[in-house]
Structures are given as C-alpha cells and as structure tokens.
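This is what each chain is made of:
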Amino acid sequence: MTTNSTPPAPGVLPPPLWAVRAAHVVAWSTVPSGVWRIALVLGVPVGVMEREEFLAGFPDHSALIATAYVLLIGAVVETASYLTLGLVRPWGEVVPRWVPLLGGRPVHHRLAVLAASLGALAVTVLWWVLFFGGLLTAPSPDFGISAGEVLFVASYAPLLLWGPAAGGGDLVVPPTAPGTGWGRGPKKGRE
C-alpha cells in the first residue's frame, strides 16, 4: 500500500513516508470535532451541551445562524488542515488554474512552509492552552466523567496532534530554491 497517489516525476525524490503520514494526521485531526459540532447543531445528544444551550448564544436562538457558524468554522478548519497535504503533494507546487490572478503560478515554497509553521505554532498553543488550561483551572475537579464528556474529549483531543504533526512535517521540507518543493528538485546524483 502506498500513501502517495501521485507518483513523482522521473528523477525527483518523493517526500519521506513519515512526512506524508504526518500531513495526513493533520488533515484527519480536524474531522472528529467537525462531526461533533454538526451533531450538536442538528440536535443529536452530545452530552456536554444540548442544542438549545448552544443556540442560546446566537441572536434570536437562530438555528440558521448557528448552522451557518458551525459550517463556516468547519470549512475554514478543514481547509486549513487539508492544505498541509500540499507540502508533500505535487498539487501543492502550483496554484490551481481556477484561482483568479494567481492560477498557474508556482507556490513560493518558503512562504508555504512559513505559513504552515506559524499555523502549527498557533494551533499548538491555542489547543494546548484551551484543552489543558481548562482542565487545570477548573474550580473543583470532578472525577466522575459522563459519556458525553468522553465523547467531547475524544472528538477534540485529535486537534492536539495538529500542531506537532504539521510542525514536524515542516521541518523536513527540502532546502530548495524558492518556488520548488518535493516534486521539483532533481535527485542527488541524477541531473
């Protein structure tokens, strides 16, 4: 079984397998929390918060606004995590032709790595602080945990992997010229 569906061009080194796997971890780490949020908005009992409680935070308790909010958050998070795959895939080398003004131009690799690294750092700090900060600053720890709380933690805990996996993948990006990446540089010893 291979994790790289697009073979590299002849004479080009593919990214290391562990970097490809790290990129997939990032892409998949956001799915459970997205499913949890959608279930909450749809009224599926998720245990930590009921739908009415969630809707109370929106003007007029609007289910439409809440659904739009959850779908927008999900789209942004899923897109950001999915773009990490571009660091180890050939499609991350050139902006798609359908993108206005930039379509067909090579992606400046150093900028992509910088954006991914800053994103990995931000996500790591954000989720680790929110996740563990909330646990450590609780007024009185309750050792009885409900099934809903287990579901919530299981849904959001994978987000803790996003930053370290993306950061680890960023560290192995080859030192090539700007605008080049895994799919562009020649293999050493082969020109």
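Residues numbered from 1 in each chain as written. Predicted model: local features only at pLDDT ≥ 70, side-chain atom pairs only at ≥ 80, totals over all residues. Heavy atoms only, no water.

A.B. asks: Break down the confidence of the model for the protein chain for me, with residues and values.
C.D. replies: On average, residues of the protein chain score 75 in pLDDT, and 75% of them are at 70 or above. In the model, residues 175–191 has pLDDT below 50 throughout and makes 39 contacts with residues more than four positions away in sequence or in other chains. (pLDDT = per-residue confidence, 0-100. Contact = heavy atoms within 4.5 Å.)

A.B. asks: So what's going on with the packing of helix H2 (residues 31–42) against helix H6 (residues 147–156)? Residues and values would help.
C.D. replies: One can describe the packing of H2 onto H6 by two numbers: an axis separation of 6 Å at closest approach and a directional angle of 135°. It follows that H2 is oblique to H6 by the angle criterion. Counted together, Pro32, Ser33, Trp36 and Arg37 of H2 and Leu151, Phe152, Ala154, Ser155 and Tyr156 of H6 form the full contact between these two elements. Taken together, the residues that form the contact of H2 with H6 break down as 6 nonpolar, 2 polar and 1 charged. (Axes fitted to C-alpha atoms, helices over the stretch in contact; angles between N-to-C directions. Helix = DSSP H or I, 4+ residues; strand = E, 2+ residues; numbered from the N terminus. Parallel < 35°, antiparallel > 145°, perpendicular 65-115°, else oblique. Nonpolar A, V, L, I, M, F, W, Y, C, P; charged D, E, K, R; others polar.)

A.B. asks: Before we move on, could you go through helix H4 (residues 63–83) and cite the residues and values that matter?
C.D. replies: In an α-helix, one turn spans 3.6 residues, which is why side chains three or four residues apart end up on the same side. Across its 21 residues, H4 extends 30 Å between first and last C-alpha, which sits within 8% of the 30 Å expected from 1.5 Å per residue. Burial in H4 covers these residues: Ala66, Val70, Gly74 and Ser81. Mapping the buried residues of H4 onto a view down its axis gives an arc of 60°, with all of them on the same face. Turned more than 90 degrees off the buried face of H4, the exposed positions are Leu64, Leu72, Val76 and Leu83. Here H4 starts with a cap whose side-chain oxygen sits 3.3 Å from the backbone nitrogen of Leu64, and that cap is Ser62. (Expected span 1.5 Å × (residues − 1). Buried < 20%, exposed > 50% of the residue type's maximum accessible area, 1.4 Å probe, protein only. Arc of directions from axis to C-beta. Polar contact = N/O pair within 3.5 Å; in protein donor to acceptor, adjacent residues only side chain to side chain.)

A.B. asks: If you had to explain a nonpolar patch on the surface to someone new, which residues and values would you point to?
C.D. replies: On the surface, Ile38, Leu42, Val44 and Leu71 cluster together into a nonpolar patch covering about 380 Å² of accessible area. Within the secondary structure, Val44 sits in the loop between H2 and helix H3 (51–55). (Patch = residues over 30% accessible without salt bridge, like charges linked within 9 Å, V, L, I, M, F, W, Y side chains within 5 Å. Areas by Shrake-Rupley, 256 points an atom, 1.4 Å probe, with all protein chains shown as cover. Salt bridge = Lys/Arg side-chain N within 4 Å of Asp/Glu carboxyl O.)

A.B. asks: I'd like a rundown of the packing of aromatic side chains, residues and numbers included.
C.D. replies: One pass over the full model with this rule turns up 4 aromatic pairs. Ring geometry for Trp36 and Tyr156: centres 5.7 Å apart, planes at 80°, overall edge-to-face. Pair noted here: Trp36 is in helix H2 and Tyr156 is in helix H6, with a separation of 120 residues, a long-range link. Taken together, Trp36, Phe152 and Tyr156 form an aromatic cluster joined through their ring pairs. (Phe/Tyr/Trp six-rings, centres within 6.5 Å; stacked < 30°, edge-to-face > 60°.)

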